[in-house]
Amino acid sequence: PADFRFAVSFASYGYAFLAPNKWRPAAEQDDEDEGVLERPLGLEVVGEPTAVAHARLTFDAEARQLVVGLQPSALAPGAGEGGELSQEQLDEARRQVVRMLRLDVDMTEWFARNEEARERGFGRLHRSPTLFEDMVKTIINCNMKWSGTTHMARALCAEYGVDGAFPTPRALAHEEPEEVQRRTRVGYRASRITRLARSFVDGEVGDHTLDRPEVPTQEMYKTILKIHGFGPFAASNVLQLLGRWDCTPWDSETRRHLREVHSIHCGSMNDAIKAATRHYSAAAPYQFLQYWTELWKGYEARRGHGPSTRWPHADDL
């Protein structure tokens, strides 16, 4: 898309800085879009063993083209003869890259509404290459400090991913929760993760059940709430990751943000949710994008080391 900005589209949401993503920011004197994104992609194709390809993403500013290099992993059995990926696997890798950077999302209306976002290219918020990875990262993000979430993501990749990739549903579906907890220290979340993995493998949960734009947001919200371990915050977060920006995951950060930025003081979390819902209703149907644009700008200012596009991947947000 003509309005696509590579660096800010990646470094725009916390999950971008979790394993197995590795962001190599551009040198200070260079344009931020000269940064490099590296990560392994797990490529599950029906009828074939899971392959892993190490992806290296760069942006050619002159041609305005995203360049994706793929190196099949020798540790994964899924690559074909000669270590080459099949056409189906290449198509899956392309689908994952498009999803991760929201390259198929039309941001015209959002940019028309928000001049600051348009100038920066902020709106294609990072998400994971797969829905499963996004949902697991949502689970390990709940009721946990960011440093703990970072550790859990690394441990899941190290213990259950192939060659550093994020684990696939197949890798976790038949694991005992106690064993997952022992190896990754995810706590009570282990049972939620393994049950979710089984739901994906069995076909009960997946893009075909949750990524359905024709279904009203509130109806899909109720559907996600029925999934084991997904409460109001987690369900709302999955919805915004699916591109439903009219649904916002409010949390304690919302209460702080309202107080510090908008001078809206709330006595309780319920009061904060009601106040935030009222305050951001004017941005409909982009409530979450408006909220997150403000919140992320605050994170960058509080961290004090420049824009997020210059943050090394290992840094704590």
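Now for a description of the structure that goes with this document. (Residues numbered from 1 in each chain as written. Predicted model: local features only at pLDDT ≥ 70, side-chain atom pairs only at ≥ 80, totals over all residues. Heavy atoms only, no water.)

Glancing now at the overall build of the protein. Per the secondary structure count, the protein includes 15 helices and four strands. Whereas a compact globule of 317 residues would reach a radius of gyration of roughly 20 Å, the protein reaches 19 Å, a difference of no more than 12%. Here the protein holds 317 residues, and the buried ones make up 51% of them. Intrachain contacts of the protein at a sequence separation of at least 6 include 60% that bridge at least 24 residues. Of the roughly 14800 Å² of accessible surface on the protein, a fraction of 49% belongs to carbon and sulfur atoms. The positive charge centre, built from 39 side chains, and the negative charge centre, built from 46, are 7 Å apart in the protein. (Helix = DSSP H or I, 4+ residues; strand = E, 2+ residues; numbered from the N terminus. Rg over C-alpha atoms; globule rule 2.2 N^0.38 Å. Buried < 20%, exposed > 50% of the residue type's maximum accessible area, 1.4 Å probe, protein only. Contact = heavy atoms within 4.5 Å. Areas by Shrake-Rupley, 256 points an atom, 1.4 Å probe, with all protein chains shown as cover. Lys, Arg positive; Asp, Glu negative; His and termini not counted. Charge placed at Lys NZ, Arg CZ, Asp CG, Glu CD.)

For the rest of this paragraph, the subject is the sheet that holds strand β2 (residues 36–43). Ordered in space as β1-β2-β3-β4, the four strands form an open sheet in which the pairing is antiparallel. Sheet topology places β1 (22–24) and β4 (65–72) at the edges, where each strand pairs with a single neighbour. For this sheet, the mean inter-axis angle between neighbouring strands, taken without regard to orientation, is 25 degrees. In terms of strand pairing, strand β3 (residues 51–60) meets β4 through eight bridges, oriented antiparallel. Across the sheet, residue A55 finds its bridge partner in β4, namely L70. (Pairing = 2+ DSSP bridges. Axes fitted to C-alpha atoms, helices over the stretch in contact; angles between N-to-C directions.)

This part covers the environment of V186. Along the polypeptide, V186 turns up in the loop between α8 (177–184) and α9 (189–201). Owing to a relative accessible area of 0%, V186 belongs among the buried residues under this scheme. The spatial distance from the C-alpha of V186 to the C-alpha of G148 is 8.8 Å, given a sequence separation of 38 residues.

A separate point is the packing of helix α11 (residues 217–225) against helix α12 (residues 232–241). Remark: α11 packs on α12, axes separated minimally by 9 Å, with the N-to-C direction vectors making an angle of 125 degrees. Overall, the two elements α11 and α12 adopt an arrangement that is oblique. As α11 runs across α12, the sense of the crossing is right-handed. Here T217, M220, Y221, I224 and L225 of α11 come into contact with α12, specifically with P232, A235, S236, V238 and L239. The residue inventory of the contact of α11 with α12, partitioned by class, reads eight nonpolar, two polar and no charged. (Parallel < 35°, antiparallel > 145°, perpendicular 65-115°, else oblique. Left-handed = near helix turned anticlockwise from the far one by under 90°. Nonpolar A, V, L, I, M, F, W, Y, C, P; charged D, E, K, R; others polar.)

Bringing the pattern of salt bridges into the picture now. Summed over the entire model, instances satisfying the criterion amount to 20 salt bridges. Here E133 ties to R39 by a salt bridge, and the two come within 3.0 Å at their closest N and O atoms. Here E133 is found in helix α5 (residues 131–141), whereas its partner R39 is found in strand β2, with 94 residues between them in sequence. Between R212 and E214 there is a salt bridge, with the nearest N and O atoms lying 3.1 Å from each other. (Salt bridge = Lys/Arg side-chain N within 4 Å of Asp/Glu carboxyl O.)

To continue, consider α12. Along α12, eight of the ten residues are buried, which leaves the element largely enclosed by surrounding structure. Within α12, the full set of buried residues consists of A234, A235, S236, N237, V238, L239, Q240 and L241. Turning to α12, the residues buried within the fold contact α2 (87–101), α5, α11 and α15 (287–303). Positioned one or two residues after α12, G243 has a phi angle of 95 degrees, which is positive.

As for its placement among the helices and strands, T138 is situated in helix α5. A polar atom in the side chain of T138 sits 3.3 Å from the side chain of Y15. Excluding residues within four positions of it along the chain, T138 makes contact with Y15, F230, A234, N237, V238 and L241. (Polar contact = N/O pair within 3.5 Å; in protein donor to acceptor, adjacent residues only side chain to side chain.)

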